[in-house]
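Notes for the structure review
Residue strings, one per chain:
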Amino acid sequence: MKAVTVVGASLAGLHAARGLRAQGYEGRLVIVGEERHRPYDRPPLSKDFLTGEAEPGEGLGALALTDPEEEAELDAEWLLGVRAEGLDAAAGEVRLTGGRTLRTDGVVIATGAAPRTLRTPDLTGVHTLRTLDDAARLRAELRAGAARVVVIGAGFIGAEVASSCAALGLEVTVVEAAPLPLVPQLGEEMARVCAALHSGSGVRLLCGAGVATLRGTGRVTGVELTDGRVLPADVVVVGVGVRPATGWLEGSGLALDDGVLCDEGCVTALPNVVAVGDVARLAQPGTARTVRAEHWTSGVAQGAVAARNLLAGSTVEPFGALPYFWSDQYGARIQFAGRREPADTVRILEGDTAGGGGFLAVYERDTSPTAVLGVNRPRSFTRLRRELARAPQPAGR
Ligand code: FAD
């Protein structure tokens, strides 16, 4: 390969680019990114960045994922503020905004995901949170006299935003359509424990509540629920999940189904096109399932695996890392690792779920551990996560 194009200049794209160079690729390396920024870290955007005292400056500061020395070593051409509009893999071309095309032998798709939105009137004061620019806009409004915040969606991002707003002293209501948030990720018992963190910090959580529309003229003034209640709001944050950013791949011939379909080594049906990070949907060896992870660590680890398989011309290494994510809410560090299924049981190993001191829980299938959850138990969680990664995984049901 003489030229590789990485589309998406963020976490997974950067790690794929690093992986290519680490494995001896010396050809042309182009990184195309729609955002004007160099790669930066997203997890702090819903946490410290919102609550932080320091004004976000022009540079990326502590959010930066690269430094000048590393960028020089990477020896890549950065096309930032430029969108890829299409891929013609047979012709070896990536089409960019403005009609320009890039000739390329290999492609890394790393375009991540974009927030879902609601079909509601277009009003100021309504935010989604994915990018640094989104976070800077939200942060500015939270500090410009907002008193009441309504967060729509109690997933991890919604919960973290609610927690940050509460830490800023704002009155926060979280609206969740499901009877209980986070059940698909944590199961009902542990989801209930995490949902209680909201009320423990004075945040109102309304479950089973649908949003009918937003109120306001020009600027949002409230959220109207389907049961007729109106929640007054100066700022509304919509955190109702994401859609993988695959629009630019329509017509490319690649299989798209809530992500770019890949084998277990991040390779698409075309051996010179790989996909990594939030946009990639990977086959699960030994099952008919496919999985798309929206976790920081998956984005990092898939980059190296995809780079190896792209250079090899076929999958020589599967991506087998145990799924892992963390979330920081209301002073609690929540950590989860493993592959739980709905029928798995859960057992508390340390601490208790009622007190504020944290706990460690293990999920089991036929007495074999499948996943581990820790709340403020980083050391024992890490030990169990390592053990779980080494153990053979029990068969799925
Ligand atoms: P992204 O980071 O989304 O990057 C994709 C890039 O591609 C973007 O810059 C986008 O602009 C660009 N792009 C899209 N389309 C095009 C195109 N057509 N042409 C060119 N460029 C394009 N994970 C955890 O495990 N723990 C956490 O606590 C946590 N907190 C988070 C908090 C927030 C606010 C967010 C948004 C995410 C958080 N995550 C967390 C998830 C984690 O950040 C993501 O899994 C990770 O960013 C995925 O990296 P990625 O490179 O695949 O995608």
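What counts as what
- Residues numbered from 1 in each chain as written.
- Predicted model: local features only at pLDDT ≥ 70, side-chain atom pairs only at ≥ 80, totals over all residues.
- Heavy atoms only, no water.
- Helix = DSSP H or I, 4+ residues; strand = E, 2+ residues; numbered from the N terminus.
- Rg over C-alpha atoms; globule rule 2.2 N^0.38 Å.
- Contact = heavy atoms within 4.5 Å.
- Lys, Arg positive; Asp, Glu negative; His and termini not counted.
- Charge placed at Lys NZ, Arg CZ, Asp CG, Glu CD.
- Domains from an automatic or database assignment.
- Expected span 1.5 Å × (residues − 1).
- Buried < 20%, exposed > 50% of the residue type's maximum accessible area, 1.4 Å probe, protein only.
- Polar contact = N/O pair within 3.5 Å; in protein donor to acceptor, adjacent residues only side chain to side chain.
- Near = heavy atom within 4 Å.
- Areas by Shrake-Rupley, 256 points an atom, 1.4 Å probe, with all protein chains shown as cover.
- Salt bridge = Lys/Arg side-chain N within 4 Å of Asp/Glu carboxyl O.

Overview of the overall build of the protein
Counting its regular elements, the protein contains 8 helices and 26 strands. For 397 residues, the compact-globule estimate of 2.2 N^0.38 gives 21 Å, and the C-alpha radius of gyration of the protein, at 22 Å, lies within 12% of that figure. A fraction of 62% describes how many contacts in the protein between residues 6 or more apart in sequence connect residues 24 or more apart. Between the averaged position of the 41 positive side-chain charges in the protein and that of its 47 negative side-chain charges there is a distance of 2 Å.

What about the domain arrangement of the protein?
Assigned domains within the protein: domain 1 (3-114 + 243-312), domain 2 (117-240) and domain 3 (331-390). Placing the centre of domain 1 and that of domain 3 at their C-alpha centroids yields a distance of 31 Å.

Observations regarding helix 5 (residues 156-167)
Its 12 residues give helix 5 an end-to-end C-alpha distance of 16 Å, which sits within 8% of 16 Å, the value for a rise of 1.5 Å per residue. The buried fraction of helix 5 is high, at 9 of 12 residues. All of the buried residues along helix 5 are Phe156, Gly158, Ala159, Glu160, Val161, Ala162, Ser163, Ser164 and Cys165. One or two steps after helix 5, the chain reaches Gly169, where phi turns positive at roughly 85 degrees.

Regarding the side chain of Arg281
Take Arg281: it is sitting in strand 20 (residues 280-283). There is a polar contact of 2.7 Å between the side chain of Arg281 and the side chain of Asp258. In this structure Arg281 touches Asp257, Asp258, Gly259, Val260, Leu261, Cys262, Thr290, Val291 and Arg292, once residues within four positions along its chain are discounted.

A closer look at the side chain of Asp234
Topologically, Asp234 is positioned in the loop between strand 15 (230-232) and strand 16 (235-238). Among the polar contacts listed, one links the side chain of Asp234 to the backbone nitrogen of Ala147, at a separation of 2.8 Å. Contacts of Asp234, omitting those with residues within four sequence positions, involve Gly125, Ala146, Ala147, Arg148, Arg219 and Val220.

A few points about the site of the ligand
In the vicinity of the ligand lie 31 residues, with Ser10, Glu35, Arg42, Lys47 and Arg130 positioned nearest. One of the side-chain N or O atoms of Arg42 is found 2.6 Å from an oxygen atom in the ligand. Protein chains shield 95% of the accessible area of the ligand, which is 1,000 Å² for the free molecule. Of all elements in the fold, only helix 1 (11-22), strand 2 (28-33), helix 5 and strand 22 (324-329) reach the threshold of two or more residues within the shell around the ligand. Counting contributing residues per domain, the shell around the ligand is built from domain 1 (3-114 + 243-312) and domain 2 (117-240), each supplying no fewer than three.

Structural notes on helix 7 (residues 296-312)
Given a rise of 1.5 Å per residue, 17 residues ought to cover 24 Å, and the 25 Å separating the end C-alpha atoms of helix 7 matches this to within 8%. Along helix 7, the residues that are buried comprise Ser298, Gly299, Gln302, Gly303, Val305, Ala306, Ala307, Asn309 and Leu310. Contact partners of the buried residues in helix 7: strand 1 (3-7), helix 1, strand 7 (106-109), strand 19 (273-275) and strand 20.

Brief notes about the pattern of salt bridges
Taken as a whole, this structure holds 26 salt bridges when the rule is applied. Across the pair Glu160 and Lys47 runs a salt bridge whose closest N-O atoms are separated by 3.0 Å. Of this pair, Glu160 sits in helix 5 while Lys47 sits in the loop between strand 2 and helix 2 (48-51), placing them 113 residues apart in sequence. Each member of the salt-bridge network shares a partner with another, and the members are Asp258, Arg281, Arg292 and Glu294.

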